[in-house]
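# Inside the fold
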Amino acid sequence: MTVYGVGLGPGDPKLVTVKGRDILDSVTTVYSPGRLSRTVARQHVPSSRIGDLDFPMTRDPDKLRRAWKDAANAVAEKAMSDDVAFVTLGDPNVYSTFGHLRRTLSAFHPAISVEVIPGVSAMTAFATALDIEIESGTGLSLREAANGSAPTGPDRMILFKVTDAVETHEKLTAAGYNVQFGRRLFMEQGETMITTDPTEIAERDYYTLAYAEREGIEQTVPTAAFNTSSEESV
Ligand SMILES: C[S@@+](CC[C@H](N)C(=O)[O-])C[C@H]1O[C@@H](n2cnc3c(N)ncnc32)[C@H](O)[C@@H]1O
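Quick caveat, the model's predicted, so the values are computed rather than measured.

### Re the sheet that holds strand 2 (residues 29-31)
Strands sit in the order 3-2-4-1-5 across an open sheet of five strands; the sheet is parallel. Looking at the sheet topology across the chains shown, the edges are occupied by strand 3 (50-51) and strand 5 (113-117). Pairing of strand 2 with strand 3 involves two bridges; the strand directions are parallel. If you follow V30 over to strand 3, its bridge partner there is I50. Against the sheet, helix 1 (residues 18-26) contacts strand 1 (2-7), strand 2, strand 4 (84-88) and strand 5, and its axis sits at roughly 140° relative to strand 1.

### Brief notes about the side chain of R49
With respect to the helices and strands, the residue R49 is situated in the loop between helix 2 (35-42) and strand 3. Here the side chain of R49 touches V27 through a polar contact of 2.7 Å, landing on its backbone oxygen. Setting aside chain neighbours within four positions, we find R49 in contact with L24, D25, V27, T28, T29 and V30.

### Considerations on the site of the ligand
For the ligand, the set of nearby residues contains 18 residues, the closest of which are V94, S121, L185, Y206 and T208. S121 places a side-chain nitrogen or oxygen 2.7 Å from an oxygen atom of the ligand. Here a nitrogen atom of the ligand and a backbone polar atom of L185 are 2.8 Å apart. Burial of the ligand by the protein chains amounts to 95% of its free accessible area of 570 Å². Spatially, the ligand is embedded in the largest pocket.

### Focus on the sheet that holds strand 10 (residues 208-214)
Read across the sheet, five strands follow the order 6-7-10-8-9 without closing on themselves; strand pairing throughout is mixed. Sheet topology places strand 6 (141-144) and strand 9 (193-195) at the edges, where each strand pairs with a single neighbour. Geometrically, the sheet is characterised by an average inter-axis angle of 20° between neighbouring strands, direction not taken into account. In terms of strand pairing, strand 7 (residues 156-160) meets strand 10 through four bridges, oriented antiparallel.

### Quick notes on the pattern of salt bridges
Counted according to the given criterion, the structure contains seven salt bridges. Salt-bridge contacts for D52 lead to R38; the nearest nitrogen and oxygen are separated by 3.4 Å. In this pair, D52 sits in the loop between strand 3 and helix 3 (61-79) while R38 sits in helix 2, placing the two residues 14 residues apart along the sequence. For R38, a relative accessible area of 27% translates into the label partly exposed.

### Concerning the layout of surface pockets
What the largest pocket holds in volume is close to 1900 Å³. In terms of lining, the largest pocket is formed by 48 residues, of which the most central are Y95, T97, K161, Y206 and Y207. Contributing elements (two or more residues each) for the lining of the largest pocket: helix 2, helix 3, strand 4, strand 8 (177-183) and strand 10. Of all the elements, helix 2 adds the most residues to the lining of the largest pocket, at five residues.

### Let's talk about the domain arrangement of the chain
Note on interface size: it is often stated as the accessible area lost on association of the parts. What the domain assignment lists for the chain is domain 1 (2-117) and domain 2 (122-214). Each partner contributes residues to the interface: domain 1 has 10 residues there, and domain 2 has 14 residues. Here domain 1 packs against domain 2, burying approximately 1000 Å² in sum over the two surfaces, 68% of which is carbon and sulfur. When the buried area of domain 1 at its contact with domain 2 is split by residue, P10, L36 and Y95 rank highest and sum to 55% of it. Applying the counting rule to domain 1 against domain 2 returns zero salt bridges.

What counts, and where the lines are drawn
- Residues numbered from 1 in each chain as written.
- Predicted model: local features only at pLDDT ≥ 70, side-chain atom pairs only at ≥ 80, totals over all residues.
- Heavy atoms only, no water.
- Pairing = 2+ DSSP bridges.
- Helix = DSSP H or I, 4+ residues; strand = E, 2+ residues; numbered from the N terminus.
- Contact = heavy atoms within 4.5 Å.
- Axes fitted to C-alpha atoms, helices over the stretch in contact; angles between N-to-C directions.
- Polar contact = N/O pair within 3.5 Å; in protein donor to acceptor, adjacent residues only side chain to side chain.
- Near = heavy atom within 4 Å.
- Areas by Shrake-Rupley, 256 points an atom, 1.4 Å probe, with all protein chains shown as cover.
- 1 Å grid on protein atoms, 1.4 Å probe; cavity = no way out; pocket = protein on both sides within 12 Å on 5 of 7 lines; lining within 4 Å.
- Sits in = over half its atoms within 2 Å of the grid points.
- Salt bridge = Lys/Arg side-chain N within 4 Å of Asp/Glu carboxyl O.
- Buried < 20%, exposed > 50% of the residue type's maximum accessible area, 1.4 Å probe, protein only.
- Points joined across faces, edges and corners; volume = space filled by probe spheres on them.
- Domains from an automatic or database assignment.
- Buried area = accessible area lost by both parts, 1.4 Å probe.

Set out below in structure tokens:
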């Protein structure tokens, strides 16, 4: 049988894909690694089909490996007889806990088949939420900016895991970037915030990202400069 990694999107239950919902409807058990993903899954799946997995709050690699081994054993045992799903927010292949499960399954249960159903990632949803167009031909890098860090280099960056917006903002503006922050975008839990002022989101919240664009970058967009004189407007 199959273990499906299902991406739930950024948090709004309506942004689960049709295919993702079909899989959630069809499997016997839906495992979720976190409280928020469970809340979204619960909009589509009755609690009787939600499976329990224990994840310790630790960064200790040995404890983590053991926890993922236990989780993979539980999922694999169920998948011997039934199709099951493991849900994550966003896309299962972008900065996701699903990677731990997949690696552990492949090491200890290589016979179990795994299929991924992509989800709407914060990596793309941010553009709509922040009303930013990533024009064709431009580059965009995904980086991490935890604990006040501020990667620099690319002209345009999405920064995940922004936990100290004030410090990250200070460093990025000093390096010549304009910065916008997005918190809990397309999420029903908590308050959605979009701001250029880091003091408004000084309080730590894991579901915070930033978009940083180098000041003064030149863009040539084919339809940007219209000549609105009479001969073109007819
Ligand atoms: C471990 S990554 C998970 C990314 C997820 N797999 C995806 O594809 O969107 C978590 C980070 O993604 C960003 N993130 C995810 N969902 C978000 C949302 N709805 N609003 C703002 N940031 C979000 C935050 O920066 C957060 O720290």
